[in-house]
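Results of the structural survey
Take a look at the letters that make up each chain.
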Amino acid sequence: MSARIHAALMLGLIALATPVLARDDGRYAKSPLKPWFESLHSEFGQCCTNTDGYIVFDADWESDRGHYRVRIEGEWVLVLEGAVLKQPNRAGPTMVWKHYIDGHPRVRCFLPGSMI
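None of these values were measured; they are calculated from a predicted model. (Residues numbered from 1 in each chain as written. Predicted model: local features only at pLDDT ≥ 70, side-chain atom pairs only at ≥ 80, totals over all residues. Heavy atoms only, no water.)

Along the chain, the regular secondary structure elements total two helices and nine strands. When the helices and strands of the chain are placed in sequence order, the string is α-β-α-β-β-β-β-β-β-β-β. Out of the 116 residues belonging to the chain, those deemed buried represent 30%. Sequence-distant contacts in the chain: of pairs separated by 6 or more residues, those separated by 24 or more amount to 61%. (Helix = DSSP H or I, 4+ residues; strand = E, 2+ residues; numbered from the N terminus. Buried < 20%, exposed > 50% of the residue type's maximum accessible area, 1.4 Å probe, protein only. Contact = heavy atoms within 4.5 Å.)

On to the confidence of the model for the chain. The predicted model of the chain averages 79 in pLDDT, with 71% of residues at 70 or higher. Scored below 50 in pLDDT, residues 5-24 makes 17 contacts in the model with residues more than four places away or belonging to other chains. (pLDDT = per-residue confidence, 0-100.)

So, on to the nonpolar core. Judged by nonpolar contacts, the single largest core of 13 residues is most densely connected at Val70, Ile72, Val79, Val96, Val107 and Phe110. Every element with two or more residues in this core is listed here: strand 6 (67-72), strand 7 (75-79) and strand 9 (104-111). The dominant element in this core, judged by the number of residues it contributes, is strand 6, at three residues. Among all residues touching Ile72, those that are not within four sequence positions of it are Tyr54, Val77, Val96, Lys98, Pro105 and Val107. (Core = buried A, V, L, I, M, F, W, Y, C linked by side-chain atoms within 4.5 Å.)

So, about the pattern of salt bridges. Under the definition given, this model contains six salt bridges. A salt bridge links Glu38 to Lys34; the nearest nitrogen and oxygen atoms lie 2.5 Å apart. With Glu38 and Lys34 both in helix 2 (residues 34-39) and four residues apart, this pair spans about one turn of that helix. For Glu38, a relative accessible area of 38% corresponds to the partly exposed category. (Salt bridge = Lys/Arg side-chain N within 4 Å of Asp/Glu carboxyl O.)

Further remarks concern the packing of aromatic side chains. In the structure shown here, the tally under the stated rule is five aromatic pairs. Ring pairing ties together the aromatic residues Trp36, Phe37 and Trp97, which thus form one cluster. Positioned above the aromatic ring of Trp76 is the side chain of Arg69, whose terminal nitrogen or guanidinium carbon lies 4.1 Å from the ring centre. (Phe/Tyr/Trp six-rings, centres within 6.5 Å; stacked < 30°, edge-to-face > 60°. Lys NZ or Arg CZ within 6 Å of the ring centre and 35° of its normal.)

Quick look at the environment of Trp97 now. With respect to the helices and strands, Trp97 occurs in strand 8 (residues 95-101). For Trp97, a relative accessible area of 1% translates into the label buried. Spatially, the C-alpha atom of Trp97 lies 5.1 Å from that of Cys109, the residues being twelve residues apart in sequence.

This is the structure we're talking about:
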């Protein structure tokens, strides 16, 4: 296999493994879920303000008796009760909105997947 084809395949695999961001850069302006996403808030503030929500894959979050933890940038972070959104998940997959305190990720909002 040529080096170019191998490199192209590797880039494709890396792109597939990259988390999907829920960034509003205009491409979601006509989405029927846009107003719903903008209405989401936890005890720590509005979810979509100054932070990007992203899908969390099953291997990167856990639930134990109603308490959650999520892996953000390789670090397991406890999800405080005030960050858990209680409304039904209209988007489907588990999502998290993060912020940082002292250089460590924290969860502003956590939306369990619709399968829960």
